[in-house]
Amino acid sequence: MRKAIILHNPNAGDDKHSEENLKKMMRAAGYEASYESLEDDSWVSSADEDKLIVIAGGDGTVRSVVTELLEANAGRVLKFAVVPAGTANNIAKTLGAPDSMEEDPARFSSCQPFDLGRITGVSDQSFFLESFGIGVFPALMKKMSEGEHEEISDPDEKIRRAHELLEEIIADFEPVYCEFDIDGSVHSGKFFMVEIMNIRSIGPNLAINPLADPGDGEFEVVLIPEAQKEKLLDYNRSLLTGEKKSQYFDTCKAKNIKMSFKGNAAHLDDELLEPTESQKITIYVEPHKFEFLT
């Protein structure tokens, strides 16, 4: 049988995501799997090149595993699979990973290349998997990290509260002035959101980049200018009410981006970056850095 290692965040998911059930799922798919808790530091040395690395957790767990393995495995294409067990599971949703723990012999049989976003100008950070952005989403992240919002444990309730807060934030938000060079084309303006994206959705499943292909060697630059405030509000309300309207915002493909802005927070994947007086960011794509089996 093929070999795999299950790297599990035991604080994510529910009783279905037990060691026994995860191993059963892998056996059904034709893998002999070992198990490591991500609370135990020994997992790093167990994730060798002969094994499929199965990450059971949310988006933050995926990033933490990739962070540990990326530099140690320079020059080789890492192979991952994701069993979604977080709140939003935006990476898993982009990959089309099933939500269930169903034992499926066809599981992990198709391969999705996955690009890496390299970034300079951000302290202590050098890459992203999901997106980098400014505007209302970092403001939402800050609010959700405060007080009673941080204590919400139910994933559905946490997402619902995030959409309620986002509506309040959009209503009062002062759009951010930003200047860009997108593959040599210069742009500027005031925006509610600017997101350099590699996947379809961010945060509480905001699918503002529904046509994303994370392995096409390009990012999508999603721009929501101040003139589209009502469009953004309408889209967020549709998610809050369960209507889930399809909504498309101004988007362009890019491989190299330079951007500058002042005095506003930003985010890199699920990390909130505090504002500085002046930010100058450079981003470029490293194509086909990983492969995810789904």
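Residues numbered from 1 in each chain as written. Predicted model: local features only at pLDDT ≥ 70, side-chain atom pairs only at ≥ 80, totals over all residues. Heavy atoms only, no water.

Notes on the overall build of the chain
Inference 1: Each helix and strand in the chain was counted, giving 7 helices and 15 strands.
Inference 2: Scaling as 2.2 N^0.38, a compact globule of 294 residues should have a C-alpha radius of gyration of about 19 Å, and the chain matches this with 19 Å.
Inference 3: In terms of overall dimensions, the chain has a C-alpha envelope of 55 × 40 × 30 Å along the principal axes.
Inference 4: Evaluated residue by residue, the chain yields a buried proportion of 50% over its 294 residues.
Inference 5: Relative to all contacts within the chain whose residues are 6 or more apart in sequence, the contacts with residues 24 or more apart total 74%.
Inference 6: Per element, the accessible surface of the chain, about 13300 Å² overall, is 46% carbon and sulfur.
Inference 7: A gap of 3 Å separates the mean positions of the 31 positive and 54 negative side-chain charges of the chain. (Helix = DSSP H or I, 4+ residues; strand = E, 2+ residues; numbered from the N terminus. Rg over C-alpha atoms; globule rule 2.2 N^0.38 Å. Buried < 20%, exposed > 50% of the residue type's maximum accessible area, 1.4 Å probe, protein only. Contact = heavy atoms within 4.5 Å. Areas by Shrake-Rupley, 256 points an atom, 1.4 Å probe, with all protein chains shown as cover. Lys, Arg positive; Asp, Glu negative; His and termini not counted. Charge placed at Lys NZ, Arg CZ, Asp CG, Glu CD.)

A short note on the environment of Phe127
Inference 1: Relative to the helices and strands, Phe127 resides in strand β6 (residues 127-128).
Inference 2: It is 6.8 Å that separates the C-alpha atoms of Phe127 and Leu116, two residues lying 11 residues apart in sequence.
Inference 3: Not counting residues up to four positions away in its chain, the partners in contact with Phe127 are Arg63, Val66, Thr67, Leu70, Leu116, Gly117, Arg118, Ile119 and Leu268.

Topic: helix α3 (residues 59-70)
Inference 1: The terminal C-alpha atoms of α3, which comprises 12 residues, lie 16 Å apart, in line with the 16 Å expected from a rise of 1.5 Å per residue.
Inference 2: Here α3 has its buried residues at Asp59, Thr61, Val62, Arg63, Val65, Val66, Leu69 and Leu70. (Expected span 1.5 Å × (residues − 1).)

Section: the nonpolar core
Inference 1: Counting residues in each nonpolar core, the largest one holds 49 residues, and the members touching the most others are Phe132, Val136, Ile196, Ile208, Met259, Phe261 and Ile283.
Inference 2: Top contributing element to this core by residue count: strand β9 (residues 185-197), with 6 residues.
Inference 3: Look past the residues within four positions of Ile208 in its chain and what remains in contact with it is Met193, Glu195, Met197, Arg200, Ile202, Val222, Tyr235 and Phe249.
Inference 4: Counting residues in hydrophobic clusters, the runner-up holds 26 residues, among them Leu38, Ala47, Val66 and Phe80. (Core = buried A, V, L, I, M, F, W, Y, C linked by side-chain atoms within 4.5 Å.)

A word on the pattern of salt bridges
Inference 1: Counted according to the given criterion, the structure contains 15 salt bridges.
Inference 2: Measuring nitrogen to oxygen at the nearest pair gives 2.7 Å for the salt bridge that ties Lys16 to Asp14.
Inference 3: Since its relative accessible area comes to 44%, Lys16 is described here as partly exposed.
Inference 4: By relative accessible area, which is 38% here, Asp14 ends up partly exposed.
Inference 5: Lys79 serves as the salt-bridge partner of Glu291, at 2.3 Å between the closest nitrogen and oxygen. Note that Glu291 is positioned in strand β15 (residues 279-293) and Lys79 in strand β4 (residues 78-84), a separation of 212 residues in sequence.
Inference 6: Judged by relative accessible area, which is 12%, Glu291 ranks as buried.
Inference 7: By relative accessible area, which is 40% here, Lys79 ends up partly exposed.
Inference 8: What you see here is one network of salt bridges that share partners, running through Glu157, Arg160, Arg161 and Glu164. (Salt bridge = Lys/Arg side-chain N within 4 Å of Asp/Glu carboxyl O.)

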